[in-house]
Each structure stands twice: as structure tokens, then as C-alpha cells.
Amino acid sequence: MSNITRRQFGKAAAAAAALSGVSLPQIAFGQTPASDLAYPTGFLWGCATAAYQIEGAVHADGRKPSIWDIFAHTPGKTYHGETGDVADDSYHLYKEDIALLHNLGAQTYRFSIAWPRIFPDGAGQPNPQGLDYYQRVVDELLAHNITPYVTLFHWDLPAALPGGWQSRDTAKAFADYAAYVTRHLSDRVHHFMTTNEIVCFTDLGYLTGRFAPGLKLPRAQANQVRHHGVLAHGLGVQAIRANARGPVQVGLAENPTDFVPVIETPEHIQASRRAMREGNAPFLTAIMEGRYIESYLEREGKNAPRVEPGDMKAIGSKLDFVGLNVYTPTYVRADSSPQGYAVVQPQASFPHMASDWIHVGPESIYWAVHNVCELWHPQAVYITENGCSADDVFRPDGRIEDTDRIMYLRNYLSQLHRATSEGYPVKGYFLWSLLDNFEWLDGYSKRFGIHYVDFKTEKRTPKLSAEWYREVIAHNAVV
Ligand code: IFM
């Protein structure tokens, strides 16, 4: 399909239809057919990135190390020992990156602020040069009519904070940092996300030890870390609201396990909704309900987190939107166990993208929205991340034709359309990612961008998926 033009394809289809006696809709050849997968007017399209994954310049202008700098520099922790030291050098090339967004026609950009640029020691003395960088990024976005959506914490915790997320004080330090950023940016930034994917910086960092800081704590301590993560979010929401200089919308970006009914019948749908609530109990459920549900507390028993007065109220602070990062499905079926559902493990032959954890299950995006909305009725939902890695290669003509990524995105966006057409309040979509970047443990070996980055020269090259996404944005529809 990529080598024939739409005109040729149209003619071929018309010829085939004539032979089969089927009548085709009357579309003038060479024109784009109207899509019946149109999104609501005003739907926002954008891309997402995160500071440590793209900025590089880790020693510039007063920034001090985050726990990820230290972890990535520890032998054996990341693919080939790769680090975010240089990454996409977006710290210096941000204007070029914003030009890429502009060329896509993106209306919005989700990026994160590096806490260790703003407070190099995590707390105490702020660093004006760090703030200045983000002021310039915001100004450049606004000059291109691109609305900034700011994430305050995407895993790059200042290494100087004693105890990291094991300490309750880190949640308070986060609130102070959130207050400071809000005071300085909320005249021009009106959308803030507190944290990104709490399970990743708590469980993966402190329970399984796969992510920074690489600890494998006993259950009770790891549950306390989770509590400090959700508490930071809650205190952050309060700090943003208290310090905003104008109207702001506050939310977070979470990656709940997306339970998909294995067959769309009432019993399995019911099971998936129950699994969504119980399977995400320490994180999104606690945030949406302002409490730890009974089944979680029972399951953890004596290891349950210690909660101080006022914590749950803060954690349950009202949100203006919920951001969902959706990549892969977890299939469930109803069963007769006390919990009422069982996870259906994917078979070995289940298709996945270049990262083997990304199974191709487009319905996950629909069911994530459906279950979150049916359980908690948020005012608004954004897809704050969706995308995939692919084995991108240059063709001899210098093009990268990532048809597999387009296939993945097209199917997920078709399922998201299903959610908007049923009236769920999905307001926007951020594709992960604008650029290939530092993919944590996988270093630079997994490419998620719709722009290819040559990490030796920092040259950016649009992939076919960028061309495709530009059409989606231009038509406000899946094309
Ligand atoms: O690169 C990450 C991102 O930082 C958080 N969400 C998932 C992406 C792909 O793994």
C-alpha cells in the first residue's frame, strides 16, 4: 500500500468493485475520503516526552544528579550501560523539537520538568537557571500556538533527597517544588500533571529493584513507598491549586493495569471493571476514592501502609482530569473465585511490538476509558501516552516506513474513537513519543518516536508514522 498512490488504489478498488458488482461510495479520485472515525470537535492532538529521556545536558546550568543518573551509571543496570547524559540533547535543541510539533500540526505538547534542575538538592535553594529553561520552552510552544501540558515528576528524583521515596519528607518536598513551579509558570501553563505512573517509580524502584534506585525492600516498606507516592500526588494537587496565578486544570498521568474482558459479555465486562478497581487499589483507586479499599488492606494485612490523619483526604483531592497511559491489554475473565475474576495470560504467539511487553490489544484503550469512567466518573480523561517501539530501519531511499507502528496506532485510535462516540469525556491524546529517546532499562535500543533520532549526530528524521499522524490531526479523524 505504501508504494501506490491513493489515486492508483482508488482506481484499483473501483475496478475490483465493478467486477464484483458492488457499488462504491462516490469519491473523486485523488481526494481524501471522509472518515467515519471522526473525533469530536475540539479534540486535542499532541505528543508526549519526559525530561530525563530527551534533555541530556545533565550537568548544565546548575542541574545536579537524579537517582536515574546514578542508576544508569551503575554497571549492568541499563542496556549496554547507556545513560541519559546526552539523550536527544533537547535541552539545547528544544526549538527544533517544537518545530517538529508545529510541522505535525500538534495542538498540544506534554513534557516533564526535571525536579533536579529546579531544586538541584531536591529542596532548599531553587535554581533560577533551571526554571529559565522551562520558561523558554513554554514561550516557544506558545509562540507556535501549542498548549503546554506539564508533568512535574517523571521519575528523575533529585538524588540528594535523603531516603528518596522511602521518606515521607519526599512527598512534602514534592509539594514545595510543585508550588514553586506553579507560582512561576501558571501565568502561561494551565494544565499540570503531578506524577507519571506511580507504580513505576515505587514498585519498580523499591520492590522489584528493576528501576532506580534499584532496591528490593520487604513488602511493608515497599507499601510505604507506594503510600508516599500517592501522597506526593495529593499534596502536589493541593500545592498547585493554592499557588496558581490563574485558572488551572490539575490531573496526573497513570498507567493502571488495563483489564480487558476476554469476551465482551456482561459477566466478563463486570469482571474487568472489578479487576480495574481491585488490581489498581494502591494507586488510581486510592486516588479516585480517597481510601484504600478493604480487599487491598486485607490482602496486605500487617504490611499495609501506615496512614497519617489527613493523608487520604489529600490523596483523594478532586481532579480536573485523569490521564491514562495505555500500551497493552491484560485480559480477564469472570470466574468463581472470591475475587470474581482471573487474568488470562497471553499465549506465546500473541503479537507484540519491538518491546515484548507491548502486546497489541487495541481494545485496551477503550476498556481503560470505559472502566475508569464507569467506576469514577471523572470530569475529563486524556490519553497522556500511547505508542509503541518498532524496529525502525532506513530504506535505501532514506525513508523509514514504520507501517507496523501505524498499524498499532491506527487500531488503538479506532478503539479510542469507540469511547468518544459512546460519549466518554476523552478530551485529548498524546502520542508517545515525539522522538526516539532514552527508554530507561532498554537504553536507546527501543525506539518509540515518530521521529527517528540518530544519537551520534542528533539528526531528527520524520518516520512515515509522523506523516500519518499529521493527517490524523489535520482531519481530526483516524485516517
Ligand atoms: O518511555 C516510557 C515512559 O517514560 C513512561 N511510559 C511508558 C513509556 C514506554 O515504555
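Criteria and thresholds
Residues numbered from 1 in each chain as written. Predicted model: local features only at pLDDT ≥ 70, side-chain atom pairs only at ≥ 80, totals over all residues. Heavy atoms only, no water. Pairing = 2+ DSSP bridges. Helix = DSSP H or I, 4+ residues; strand = E, 2+ residues; numbered from the N terminus. Axes fitted to C-alpha atoms, helices over the stretch in contact; angles between N-to-C directions. Near = heavy atom within 4 Å. Polar contact = N/O pair within 3.5 Å; in protein donor to acceptor, adjacent residues only side chain to side chain. Areas by Shrake-Rupley, 256 points an atom, 1.4 Å probe, with all protein chains shown as cover. Nonpolar A, V, L, I, M, F, W, Y, C, P; charged D, E, K, R; others polar. Expected span 1.5 Å × (residues − 1). Buried < 20%, exposed > 50% of the residue type's maximum accessible area, 1.4 Å probe, protein only. Contact = heavy atoms within 4.5 Å. pLDDT = per-residue confidence, 0-100.

Let us look at the sheet that holds strand 8 (residues 330-334). Read across the sheet, three strands follow the order 6-8-9 without closing on themselves; strand pairing throughout is mixed. Every other strand in the sheet has two partners, leaving strand 6 (259-261) and strand 9 (341-344) as the edge strands with one partner each. The mean angle between the axes of side-by-side strands here comes to 45 degrees, regardless of whether they run parallel or antiparallel. Pairing of strand 8 with strand 9 involves four bridges; the strand directions are antiparallel. Looking at the pairing, valine 332 lines up with valine 343 of strand 9.

Further remarks concern the site of the ligand. Near the ligand the following residues occur: Gln53, His154, Trp155, Asn196, Glu197, Tyr327, Trp357, Glu385, Trp432, Glu439, Trp440 and Phe448. Note that an oxygen atom of the ligand is positioned 2.8 Å from one of the side-chain N or O atoms of histidine 154. Within the side chain of glutamate 197, one N or O atom sits 2.8 Å away from a nitrogen atom of the ligand. Contact with the protein chains hides 96% of the accessible area of the ligand, taken as 280 Å² for the molecule alone. When grouped by side-chain class, the residues that make up the shell around the ligand number six nonpolar, three polar and three charged.

Because the α-helix completes a turn every 3.6 residues, residues three or four places apart line up on one side. With 14 residues, helix 10 (residues 266-279) should cover 20 Å at 1.5 Å per step; its first-to-last C-alpha distance of 19 Å lies within 8% of that length. Among all positions in helix 10, only His268, Ala271, Ser272, Ala275, Met276 and Glu278 are buried. Residues of helix 10 that are buried sit in contact with strand 6, helix 11 (281-289), helix 12 (294-300), strand 8, strand 9 and helix 14 (363-376).

So, on to unusual backbone geometry. Each neighbour pair has its own omega, and for alanine 212 with proline 213 the value is 5 degrees, a cis peptide bond. One non-glycine residue with positive phi stands out, namely alanine 87, at about 45 degrees. By the element assignment, alanine 87 lies in the loop between helix 3 (67-72) and helix 4 (90-104).

Further remarks concern the confidence of the model for the protein chain. Scored by pLDDT, the protein chain comes out at a mean of 94, with 93% of its residues at no less than 70. Segment residues 1-28 is flagged for pLDDT under 50; beyond a separation of four residues in sequence, or across chains, it makes 17 contacts in the model.

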